[in-house]
Amino acid sequence: MMYIDHGTHIERREDGAIIPLDPLNVDYADYLAWLGEGNTPGAPLPVIEAVPAIVTMRQARLELLAAGKLNAVGAAIASLPADQKEVAQIEWDYSATVERGSELVALLGAALGFDAVELDALFTAATKR
């Protein structure tokens, strides 16, 4: 038998049962007996936070400000080839949202020195603003 201690409940791996931390619960009593035999529960799997596909332009700008990159956006757009520059400027000025998989994010991210992992972190942090 294997258990995982989630802190707020115990998970029995054998059948996925969720066991409350209740001394009157038979399964919890079995778990305590299992611990008493010298067994150690496993750790829960880390929670992997999904990278948001979209954030508002407000969130994106606030996060770029916090990262110290907001003032560099204009220069990054200006450094793009003419055909991309105009589209990027329109999207930056008038879009209500920013999509993680968009060409704008790829172009500006590279121009601002962000790699894919840093862009993911930026989008994740932006959702908290």
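This structure is a prediction, so every number in the text was calculated from the model and none was measured.

**Re the overall build of the protein**
Thought 1: A count of helices and strands for the protein gives six helices and five strands.
Thought 2: Helices (α) and strands (β) of the protein occur, in sequence order from the N terminus, as β-β-β-α-β-α-α-α-β-α-α.
Thought 3: Relative to the globule expectation of 14 Å for 129 residues, the C-alpha radius of gyration of the protein, 24 Å, shows a markedly less compact shape.
Thought 4: By principal-axis analysis of the C-alpha atoms, the protein measures approximately 70 × 25 × 20 Å.
Thought 5: Considering only contacts in the protein between residues 6 or more positions apart, those separated by 24 or more positions represent 55%.
Thought 6: Summed over its atoms, the accessible surface of the protein is roughly 8,100 Å², and 58% of this surface lies on carbon and sulfur atoms.

**Topic: the pairing of strand E3 (residues 17-20)**
Thought 1: Summarising the sheet, strand E2 (residues 9-12) and E3 pair through four bridges and their orientation is antiparallel. Looking across to E3, one finds that glutamate 11 is bridged to isoleucine 18.
Thought 2: Linking E2 to E3, which pair antiparallel, is a turn of four residues; within it glycine 16 sits at a positive phi near 75°.

**Section: the sheet that holds E2**
Thought 1: Overall, antiparallel pairing links the three strands, which are arranged E1-E2-E3 in an open sheet. Where the open sheet ends on each side, the last strands, each with one partner, are strand E1 (3-5) and E3. The sheet shows a mean angle of 25° between the axes of neighbouring strands, taken without regard to direction.
Thought 2: As judged from the three bridges shared by E1 and E2, these two strands associate in the antiparallel manner. Within the sheet, the bridge partner assigned to aspartate 5 lies in E2 and is isoleucine 10.

**Here's the deal with the confidence of the model for the protein**
Thought 1: On average, the protein scores 95 in pLDDT, and the residues at 70 or more come to 100%.
Thought 2: Helix H5 (residues 103-111) is the least confidently modelled element of the protein, averaging 94 in pLDDT, while strand E4 (residues 54-56) averages 98, the highest of any element.

Rules used in this analysis
- Here the residue index of a chain counts from 1 through its sequence in written order.
- Thresholds applied to this predicted model are a pLDDT of at least 70 for local features of residues and 80 or more for the giving and counting of side-chain atom pairs; totals over whole chains, interfaces and linings are not thresholded and use all residues.
- In computing side-chain values, all of the structure's heavy atoms are included and hydrogens and water are not.
- Helix and strand definitions follow DSSP, with helices as H or I runs of at least four residues and strands as E runs of at least two, each counted in order from the N terminus.
- What the globule rule says is 2.2 Å times the number of residues to the power 0.38, and the radius of gyration is computed from C-alpha atoms.
- Every residue pair with non-hydrogen atoms within 4.5 Å of one another is taken to be in contact.
- Here the open area of atoms and residues is found with the Shrake-Rupley method and a 1.4 Å probe, where only the protein chains shown may cover a residue.
- By the convention used here, strands pair only if DSSP detects at least 2 bridges between them.
- A fitted line through C-alpha atoms represents every axis, and for helices the fit uses only the stretch in contact; the resulting angles, taken between N-to-C directions, go from 0 to 180 degrees.
- For every residue, the predictor reports its confidence as pLDDT, a number between 0 and 100.

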